[in-house]
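Below are the chains, spelled out letter by letter.
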Amino acid sequence: MRVFVAGATGILGRHLVPDLIAAGHQVTATTRTPGKVAQLQAAGAEPVLVDGLDGEAVTAAVLAARPEVIVHQMTALTDMRSLRNPDRAFAATNELRVRGTDNLLAAGARAGVRRFVAQGHNFVYDRSGGPVKTEDDPLATRTVPSAARQMAAMRHVEEAVPRRAPEGIVLRYGTFYGPGASEPLVDAVRKRQLPVVGGGTGVWSFIEISDAATATLAAVERGAPGAYNVVDDDPAPVAEWLPYLARVAGAKPPLRVPAWLGRLLAGEFAVEQMTNARGASNARARKDLGWEPRYPSWREGFRAWVRG
């Protein structure tokens with residue numbers, strides 16, 4: 001198939017493009033950075049230099065490529081070392097999730113593209129109820145004030161893609177880790193800059209970056225429209241996974257601080273994720289996409305990642 005990958009040199013795109021090529025697909029891949037064009041060529045893709053916020057340029061690129069599938073992986077995650085104000089840290093990504101999504105959907109409609117696969121996140125679920133969510137559980141309608149725009153942008157993807165694409169799919173990825181995905185996380189753990197806050201009761205779901213790519217490939221090729229949690233089999237509270245990561249990274253155990261101190265040090269959003277996050281089930285992705293992660297648990301995944 002002809003596949004148009006927007007944001008092909010991002011964290012996930014760097015793994016996805018070679019997977020698509022290896023599977024026999026013809027890939028047109030976009031980047032905003034001239035210096036990354038050669039990287040896409042070397043992977044076997046047809047590179048296109050385009051800004052996802054330029055609607056006319058996006059439409060022209062999609063019409064020229066004549067894709068059968070569009071994959072939306074556009075982000076601008078350059079520095080995630082501090083999430084005290086996530087709306088500020090994710091400002092550019094929020095724009096890509098709103099205007100960039102609209103531009104790609106409009107271009108896809110002009111080109112007659114049916115299948116549209118977009119990047120989401122499993123942190124969109126409402127925090128009430130049980131610790132592990134399925135795709136049928138309600139999404140959050142509000143969040144801490146410093147993340148309001150971030151949540152609104154993720155909700156926009158969730159609502160616009162299935163409404164405007166005949167075969168719209170949103171992949172609710174877990175937290176990425178692995179080569180090139182989250183080195184600042186390990187760096188912070190080794191420096192003991194990432195404490196367990198307020199008991200660490202927030203439940204996280206992870207996904208190794210190459211596993212996220214194979215799930216995306218599966219969604220390009222098959223599966224009914226809708227949302228899929230792309231996570232491993234092992235949702236776990238912060239109090240469990242964070243000390244384990246410190247141990248395999250050869251670091252001292254993380255500090256433990258009360259929630260009030262966490263708010264002073266890292267802000268309300270970080271405390272919310274540490275104490276009240278919800279994990280996700282991958283049962284639908286396994287069944288309907290015929291996908292399974294190479295790393296079923298972050299335990300073996302963390303070991304492989306940290307030890308290279």
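Structural data are supplied above this passage.
Residues numbered from 1 in each chain as written. Predicted model: local features only at pLDDT ≥ 70, side-chain atom pairs only at ≥ 80, totals over all residues. Heavy atoms only, no water.

### So, the packing of helix α9 (residues 238-248) against helix α13 (residues 298-306)
Thought 1: Viewed as axis vectors pointing N to C, α9 and α13 meet at an angle of 30°, and their least axial separation amounts to 10 Å. Taken together, the axes of α9 and α13 are roughly parallel relative to one another. The handedness of the crossing between α9 and α13 is right-handed. Packed against α9, whose contacting residues are E240, W241, Y244, L245 and V248, the element α13 presents W298, R299, F302, R303, W305 and V306 at the interface. (Axes fitted to C-alpha atoms, helices over the stretch in contact; angles between N-to-C directions. Helix = DSSP H or I, 4+ residues; strand = E, 2+ residues; numbered from the N terminus. Parallel < 35°, antiparallel > 145°, perpendicular 65-115°, else oblique. Left-handed = near helix turned anticlockwise from the far one by under 90°. Contact = heavy atoms within 4.5 Å.)

### So, unusual backbone geometry
Thought 1: In this structure, R66 takes a positive phi of about 50° despite not being glycine.
Thought 2: Inspection of the secondary structure puts R66 in the loop between α3 (55-65) and β4 (69-72).
Thought 3: Positive phi outside glycine occurs at R192, with the angle close to 55°.
Thought 4: As for its placement among the helices and strands, R192 is situated in the loop between α7 (183-190) and β9 (196-197).

### Section: a nonpolar patch on the surface
Thought 1: A cluster of nonpolar side chains, W260, L264 and L265, forms an exposed patch at the surface whose accessible area comes to about 390 Å².
Thought 2: Looking at the secondary structure, you find W260 in helix α10 (residues 259-266). (Patch = residues over 30% accessible without salt bridge, like charges linked within 9 Å, V, L, I, M, F, W, Y side chains within 5 Å. Areas by Shrake-Rupley, 256 points an atom, 1.4 Å probe, with all protein chains shown as cover. Salt bridge = Lys/Arg side-chain N within 4 Å of Asp/Glu carboxyl O.)

### Points about α13
Thought 1: All of the buried residues in α13 are W298, G301, F302, W305 and V306. Down the axis of α13, the smallest arc covering the buried residues is 115°, so these residues share one side.
Thought 2: Looking at the buried positions of α13, the neighbouring elements they touch are β8 (175-177), α7, β11 (206-208), β13 (236-237) and α9.
Thought 3: Two or three places before R299, at the start of α13, stands the capping residue S297, its side-chain oxygen 3.0 Å from that residue's backbone nitrogen. (Buried < 20%, exposed > 50% of the residue type's maximum accessible area, 1.4 Å probe, protein only. Arc of directions from axis to C-beta. Polar contact = N/O pair within 3.5 Å; in protein donor to acceptor, adjacent residues only side chain to side chain.)

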